[in-house]
Amino acid sequence: MHTTADDLVASNRDASDQDSSVQRGSEAIDNMTSAVQIDMRTSRFEKVSSFYLTLILFLGVIVSALFLLWTLNRWAAQEEIKHSQPTRTSWVQGEETGIDDQFDVPSQDEYIALQEPTLDATLVALTDAATHTAASFDGDIGIGETDNLGKGLRRGGPDPGADRGVDVIPRFNRWQLSFTAKDRANYADQLDSLGIELGVLGGSIQGVDIVDQLSTEPRARRVIDTSDEKRLYFMWKSSSPLMRYEAELIDEAGVDLDGRHMLRFIPSQLEQQLAEAELEFALMSGHESEAEIALTVFRCITTDEGYEFRIADQRYRPTNEPQ
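In this text the structure is predicted, and so the values were computed from the model without any measurement.

Looking at this structure, I do not really get the overall build of the protein. What am I missing?
Along the backbone of the protein there are eleven helices and eight strands. A total of 323 residues make up the protein; the buried ones form 28% of that total. Considering only intrachain contacts with a sequence separation of at least 6, the fraction spanning at least 24 residues in the protein is 66%. Counting only carbon and sulfur atoms, one obtains 54% of the accessible surface of the protein, whose full area is about 22800 Å².

I'm lost on the sheet that holds strand S2 (residues 197-201) in this one. Help?
Sheets are built from strands paired through backbone hydrogen bonds, the pairs being either parallel or antiparallel. Strand order in this open sheet of five strands is S4-S3-S2-S6-S5, and the pairing throughout is antiparallel. In this open sheet, the two edge strands, each paired with only one partner strand, are strand S4 (219-223) and strand S5 (232-235). Taking each pair of neighbouring strands and ignoring which way they run, the sheet shows an average axis angle of 30°.

What's the story with the nonpolar core in this structure? I'm lost.
Nonpolar side chains in soluble globular proteins tend to be buried together. Membership of the largest hydrophobic core comes to 30 residues, with the highest contact counts inside it found for Leu177, Phe179, Ile196 and Phe309. In this structure, Leu201, Val208, Ile210 and Tyr233 belong to the second largest nonpolar core, which totals seven residues.

Is there a simple way to think about the pattern of salt bridges in this case?
Side-chain pairs of opposite charge can arise whenever the charged atoms involved come near each other. Summed over the entire model, instances satisfying the criterion amount to 16 salt bridges. Across the pair Arg174 and Glu278 runs a salt bridge whose closest N-O atoms are separated by 2.8 Å. One end of the pair, Arg174, is in helix H8 (residues 171-174); the other, Glu278, is in helix H11 (residues 268-284), and 104 residues separate them in sequence. Like Arg174, the residue Glu278 is buried in the burial classification. Between Arg221 and Asp212 there is a salt bridge; the shortest N-O distance is 3.3 Å. Looking at Asp212, the relative accessible area reads 11%, which means it is buried. Connected through shared salt-bridge partners, Glu197, Asp212, Arg219, Arg221, Glu229 and Arg231 make up one network.

Looking at this structure, I do not really get the side chain of Asp209. What am I missing?
Among the structural elements, Asp209 can be located in strand S3 (residues 208-212). Of the polar contacts made by the side chain of Asp209, one reaches the side chain of Arg222; its length is 2.7 Å. Apart from residues no more than four positions distant in its own chain, Asp209 is found in contact with Leu198, Gly199, Val200, Arg221, Arg222, Val255 and Arg260.

Can you help me understand the pairing of strand S7 (residues 293-303) in this one?
Successive side chains on a regular strand alternate, one facing one side of the sheet and the next facing the other. Sheet analysis places strand S1 (residues 175-178) next to S7, joined by four bridges and oriented parallel. Each residue of the ladder has a partner; that of Leu177, found in S7, is Phe298. Examined bridge by bridge, S7 and strand S8 (residues 306-316) share ten bridges and lie antiparallel to one another. Looking across to S8, one finds that Ile301 is bridged to Glu308. Count of turn residues in the S7/S8 antiparallel hairpin: two residues.

Conventions used here
- Residues numbered from 1 in each chain as written.
- Predicted model: local features only at pLDDT ≥ 70, side-chain atom pairs only at ≥ 80, totals over all residues.
- Heavy atoms only, no water.
- Helix = DSSP H or I, 4+ residues; strand = E, 2+ residues; numbered from the N terminus.
- Buried < 20%, exposed > 50% of the residue type's maximum accessible area, 1.4 Å probe, protein only.
- Contact = heavy atoms within 4.5 Å.
- Areas by Shrake-Rupley, 256 points an atom, 1.4 Å probe, with all protein chains shown as cover.
- Pairing = 2+ DSSP bridges.
- Axes fitted to C-alpha atoms, helices over the stretch in contact; angles between N-to-C directions.
- Core = buried A, V, L, I, M, F, W, Y, C linked by side-chain atoms within 4.5 Å.
- Salt bridge = Lys/Arg side-chain N within 4 Å of Asp/Glu carboxyl O.
- Polar contact = N/O pair within 3.5 Å; in protein donor to acceptor, adjacent residues only side chain to side chain.

Spatial relationships are all this shows, so hold off on functional conclusions.
Here it is as structure tokens:
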């Protein structure tokens, strides 16, 4: 077989073509490898996302551990309370230990001396003082004649226990009515809803001025003969913002307040409701009658139907017998 020059040229051309193909293939592989390496590099977004995921996981583990510790401590505390033994206490008389009772219970005379003077005593004192200084004046001075004071204005009727000869603290001394008002209109609305009226007495005016319709248009009426007025009433013992509201309502009704005392008259029906609620509360607290009650605090609250009194606190008189 003879090889011509043309055949050699063709062979060389084929070999060159094969070398070129191999080179192009090698370049293509290198390009693909570079592209893959570029795509597999970590981006900035992936770095930030990984950091936040790690942080959230770390915080979740800490919170879970703290919650587990809190739960275990709570269970341990409940178990300790459940299995703790009650402490028994007993009443010890002074003779057993040789030590006298440290509480000095006041006698009946001392208790009466510490009580606030009743309105009747105040009126008598005012009338007596006016009588000594009325020599240069014509007519009556004060709020009425002395003969009318004994049957005049009183702080409500006697307590049921007093009729049975039981030593009972009067309601006007053991009851405390508490109000919470944001303004004068709100306070007047409470008083009208409960049927409470304002009164003014004293000074150089005879009788008592009574003001009603407080939440609409305050109206005043004067009662000269107070012998039929048996409603329970309260006077202010200390300064309060509510006193200013009452003074404004009384002034709006055209009543003079100069040198006079403000009162709050409690309707008989409301007084009976308060007395029943007070006794029921005392019985539920283990006390037998109103004679054991030293103080009852009624707080005025808002209800769907208006306002009503609820017992906020009740305190009891000391006794020499063990409770």
